[in-house]
Amino acid sequence: MRTMAISPQSPPSSSSALPPPSVALTQDELKRIAAYKAVEYVRSGMVLGLGTGSTARHAVDRIAELLRRGELSGIVGVPTSTQTHQQALALGIPLSDLDAHPSLDLAIDGADEVDSHLNLVKGRGGSLLREKMVEGVCKKFVVIVDESKLVPYLGGSGLAMPVEVVPFCWKFTAGRLRQLFEDAGCTAKLRTFPETEKPFVTDNGNYIVDLYFKKDIGDLKVASDAILRLAGVVEHGMFLDMATTVIVAGKLGVEVLDK
Ligand SMILES: O=C[C@H](O)[C@H](O)[C@H](O)COP(=O)(O)O
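Residues numbered from 1 in each chain as written. Predicted model: local features only at pLDDT ≥ 70, side-chain atom pairs only at ≥ 80, totals over all residues.

As annotated in an unreviewed UniProt entry, the chain carries the name ribose-5-phosphate isomerase and is attributed to Eucalyptus globulus. Word for word, the UniProt comment on the chain under Pathway (unreviewed entry) is "Carbohydrate degradation; pentose phosphate pathway; D-ribose 5-phosphate from D-ribulose 5-phosphate (non-oxidative stage): step 1/1." Its UniProt record gives the chain a comment under Sequence similarities (unreviewed entry), which states: "Belongs to the ribose 5-phosphate isomerase family." (UniProt positions renumbered as here; feature names shortened; annotations may be inferred.)

Spelled out as structure tokens, the structure:
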């Protein structure tokens, strides 16, 4: 794995919108710096996977800005959620889908956790299924995060590891998921809206069960296979061996981690 440190004072090209170096950077500014750096990988004529979330949003904005300025042309975007679809549509980015473009040049997306092998947790925004479909067929998958997303092991943030499940008997599926990881002190919770307690429904009409672990779950491939073997599970938010590059923006600079 190659590591390259770049000072935040050396921002991505044409980045007049970035804050001056002396200003303390907010988390959102760090996300934007990572996103702008990732857009430097985009070339005219590419078919691009457009990620979802507060970090990916900056990349989509930046791509649209470069298209407007004529610094990029011939881009086709494949959005990973209805949210990103709407954003890209409003910005005038030409869009398509996997049926028309079963192989993509590049995808840029955020992540909830990144471990030292560039394995990811994704889906805290609920878009994991479409993200995994799109990002699984990209020649290059660039992940953009601020430094708070780095973890010693997946699940290590103590926050949710999302699993998309069919609504039918979701309690049964949640129970089986919890049992799978009993040794890791797993709890499984249906994702709901706090105000109404109604279930969160994904773009695909499914529910999300969030898993929380007290300990490391061990072999991730074994865990992934076990989850996917459960009838009722559609997909999980572990993205193993998929990222080709992770761009980490931190207070001390930007790090580019290549697989
Ligand atoms: O479902 C959401 C996606 O996987 C996001 O890419 C992920 O949750 C990171 O989002 P954010 O950039 O907002 O932290």
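Trainee: Is there a simple way to explain the site of the ligand in this structure?
Mentor: Neighbouring the ligand are 18 residues; Gly53, Thr55, Gly110, Lys122 and Gly125 lie closest to it. Across the shell around the ligand, the residue classes break down as 3 nonpolar, 10 polar and 5 charged. (Near = placed C-beta within 6 Å. Nonpolar A, V, L, I, M, F, W, Y, C, P; charged D, E, K, R; others polar.)

Trainee: Please clarify how the nonpolar core should be interpreted in this entry.
Mentor: Side chains of nonpolar character tend, in soluble globular proteins, to be buried together. Membership of the largest hydrophobic core comes to 63 residues, with the highest contact counts inside it found for Ala34, Val143 and Ile144. For Val143, the contacting residues outside a window of four places in its chain are Asp109, Ala111, Val114, Leu120, Ala243, Thr245 and Val246. (Core = buried A, V, L, I, M, F, W, Y, C linked by C-beta atoms within 7 Å. Buried ≥ 20, exposed ≤ 12 C-beta atoms within 10 Å, placed from the backbone. Contact = placed C-beta atoms within 7 Å.)

Trainee: Hey, could you run me through the pairing of strand β14 (residues 253-258) in this one?
Mentor: Successive residues of a regular strand alternate their side chains across the two faces of the sheet. Relative to β14, strand β13 (residues 245-250) runs antiparallel, the two sharing 6 bridges. The residue of β14 that forms the bridge with Gly250 is Gly253. Connecting the antiparallel pair β13 and β14 is a turn made up of 2 residues. (Pairing = 2+ DSSP bridges. Helix = DSSP H or I, 4+ residues; strand = E, 2+ residues; numbered from the N terminus.)

Trainee: Quick question: what am I supposed to make of the confidence of the model for the chain here?
Mentor: The predicted coordinates should not be examined in detail at positions where pLDDT is low. Residues of the chain with pLDDT of at least 70 account for 91%, and the chain-wide mean is 93. Per the prediction output, this complex has pTM 0.92; the corresponding ipTM is 0.98. (pLDDT = per-residue confidence, 0-100.)

Trainee: What is the right way to look at the sheet that holds strand β6 (residues 120-121) in this model?
Mentor: To summarise the sheet geometry, strands pair through backbone hydrogen bonds and adopt either a parallel or an antiparallel arrangement. The strand order across the open sheet built from 3 strands is β5-β6-β12, with neighbouring strands paired in antiparallel fashion. Of all the strands in the sheet, just β5 (113-114) and β12 (238-239) have a single pairing partner and so form its edges. Relative to β6, β5 runs antiparallel, the two being bridged by 2 bridges. When the bridges of β6 are listed, Glu113 appears paired with Val121.

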